[in-house]
Amino acid sequence: MSVQIDSAKRVGEHVAIPPPDGVPVWDIDPYGDDVLAHPEAYYAELRARGPFVYIPRYALLACGRYPETREVFSDWQRFVSSRGVGLTDFKLEKPWRPPSIILEVDPPYHARTRAVMTRAMSPRAVAALKSSFQDAADALVDRLLEKGTFDAVPDLAEAYPTSVFPRAVGLTEVDPRRLIDYGAMVFNALGPDNVLRRNAMAKGPDVVPWIMEQCRRERLAPDGFGATIYAAADSGEITPDEAAMLVRSLLSAGVDTTVSGIGSTIWCLAMYPAELERLKANPRLAQPAFEEALRFTSPVHSFCRTANQATTVNGVPIPQDAKILCVLGAANLDPDHWPTADRFDITRRPIGHLAFGVGIHGCVGQNVARAEADALLTAIANKVGSIALAGDPVWRPGNAIHALERLPLTFKAK
Ligand code: OVM
C-alpha cells in the first residue's frame, strides 16, 4: 500500500500508513505556497496540535516540537536516511538522481564517506581560507556601500557564497547560476510533485551534466576540498567514483544553503536595527548573530526520515515504514524550549538549534558556512552604519528551503 502523488511519474511515493491511535489528523498541505513562504503560523499550529500529527494528503507524520524533532533526527537506527530524506521512499521509487553517498545512506557505510568529508572541511582547512573569505567580504561590502541601494538576494546573498565557495571546493569553471539552480533542484526534489519541484527540475538538462563534469578530478584545482576528497581515493579509503559523488555532495549542499542562511541573516539585521547596533558595537558578535539568525529563520525548514521499525517517541506509536516530516523551523521556534523564542537576540547563543540538523547526519559543512557568515558579518559590523529596507522583502516558497526571493536594501556607511 503506498501513496503516489503522481501515478505516471511516481513522485513522492511512500508507504501510506493509516493515522496511528491518538495522533491528531491535520488536513493541511505543508507544501502549499503560502505555508512555505510564511511558515510561522503553521509552525505554531503544528506544535500546538501535538507531538506528532498525521497529514492525510500525504499519509505522513509530522513533528515540530523540539524534543521529538530532535529525537527523530538524532536516532539514525530507528529513523533512517537511506530511504530518502524527502517524501519519496527509495524502497518504493527510484530517486531522480543516484542517491547521495553521505546524505542518503546509513551506518556503517556512512562513517566512511563522512570521515572523508569531515577531513576535507576540517577546522584547519577552513581556517586556511579565513583571510581570503574576509578580503572577498570586505570588497563586496565596499561595493554595496558605493551602490547604496540594491537587492540583497542577488547582490549579496547569492554574490558572496558564489564568489568564495566554488574556489574553496577547487572548481576551475564557476557558473553561479548553474550552481544555484542545481541547489534548487536538490532541495525542491525532497517535496511532492508540485510546481516548485517541476520548475526546479525543468533546469535539469542544462544543469546536471555541467555539475557532473565539474566533479571530475581533472577539473579540480590541487588545493581545494575536492582535492582532499580525491586524495582519499589515492589512499584507497574510497573509490574514484565515490570521490566524484562526494564532490557532487559539496555542490548539492554548499550553495543554496549558505545563500539562504546569509540572506536571512541580513534580513534579520534589517528588521531588528537594535541588534545591528549591538553587532556594530561588538563585531565579535558576528558568530553568535549568525547562529541566532539560523535558529530564528531556519533556512532548511524540514527534512524527512523513514521509520525502519515500529517504535514509540514520547509514547506516540510510530508505525514501521512511516515517513516523518521533521519540521526543524518549528522546533527552532518552540517556546517550550527557547525562552522568548520569537525574539531575535544576537547574544542568545542558541546551542542545540536544529538548523544544521543534529546527530551523525548533522551538517558536515557547518564550519564553512560559519566562516562565510563570519567574514561577511564582520565586514558589515566594521563598515556599515545603517541598513534600511528599500522595498518589501519577498519570501520564496521552497519544498525544503525557506529563503528570500527579494530583499531591497539601502546600506549607509559607518
Ligand atoms: C548531498 C546533500 C547533502 C546535504 C543536503 C543535500 C538535500 C544534499 O549529499 O547531496 O540537499
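Below you will find a few notes about this structure. These figures come from a predicted structure and were not determined experimentally. (Residues numbered from 1 in each chain as written. Predicted model: local features only at pLDDT ≥ 70, side-chain atom pairs only at ≥ 80, totals over all residues. Heavy atoms only, no water.)

## Remarks on the sheet that holds strand E14 (residues 408-413)
The three strands are arranged E6-E14-E11 in an open sheet whose pairing can be described as antiparallel. One side of each edge strand has no neighbouring strand; the edge strands of this open sheet are strand E6 (149-151) and strand E11 (384-389). Neighbour-to-neighbour, the strand axes of this sheet turn through a mean angle of 30°, independent of strand direction. (Pairing = 2+ DSSP bridges. Helix = DSSP H or I, 4+ residues; strand = E, 2+ residues; numbered from the N terminus. Axes fitted to C-alpha atoms, helices over the stretch in contact; angles between N-to-C directions.)

## Points about helix H6 (residues 130-147)
The end-to-end C-alpha distance of H6, which contains 18 residues, comes to 26 Å, matching closely the 26 Å that a straight helix rising 1.5 Å per residue would cover. Against E6, helix H7 (152-169), helix H17 (366-383), E11 and E14 lie the buried residues of H6. In the segment just after H6, Gly148 is the residue with positive phi, at about 85°. (Expected span 1.5 Å × (residues − 1). Contact = heavy atoms within 4.5 Å.)

## Some details on the pattern of salt bridges
Should their charged atoms come close, side chains of opposite charge can pair. Within this structure, the stated rule accounts for 31 salt bridges. Where Arg177 meets Asp181, a salt bridge forms, and the shortest distance between an N and an O atom there is 2.9 Å. A residue pair is termed a helical-turn pair when its members lie 3 or 4 positions apart in one helix, as Arg177 and Asp181 do in helix H8 (residues 176-188) at four residues. For Arg177, a relative accessible area of 43% corresponds to the partly exposed category. (Salt bridge = Lys/Arg side-chain N within 4 Å of Asp/Glu carboxyl O. Buried < 20%, exposed > 50% of the residue type's maximum accessible area, 1.4 Å probe, protein only.)

## Points about the site of the ligand
In the vicinity of the ligand, the contacting residues are Arg97, Ser100, Ile102, Leu103, Val186, Phe187, Leu190, Ser249, Ser252, Ala253 and Phe303. One of the side-chain nitrogen or oxygen atoms of Arg97 is found 2.8 Å away from an oxygen atom of the ligand. Take Ser249: an N or O atom from its side chain is 2.5 Å from an oxygen atom of the ligand. Summarising the interface, the protein chains cover 90% of the accessible area of the ligand, which totals 300 Å² for the free molecule. (Near = heavy atom within 4 Å. Polar contact = N/O pair within 3.5 Å; in protein donor to acceptor, adjacent residues only side chain to side chain. Areas by Shrake-Rupley, 256 points an atom, 1.4 Å probe, with all protein chains shown as cover.)

## Quick word on the pairing of strand E4 (residues 60-63)
Consecutive side chains of a regular strand alternate in pointing toward one face of the sheet and then the other. The side-chain alternation of E4 yields two buried faces, one formed by Leu60 and Ala62 and the other by Leu61 and Cys63. Across three bridges, the pairing between strand E3 (residues 53-55) and E4 is antiparallel. By the bridge assignment for E4, Ile55 is matched with Leu60. For E4 and strand E10 (residues 323-327), the ladder comprises three bridges, and the chain directions are parallel. Note that in E10 the partner of Ala62 across the bridge is Leu325.

Read these as layout, nothing more, since geometry by itself doesn't imply function.
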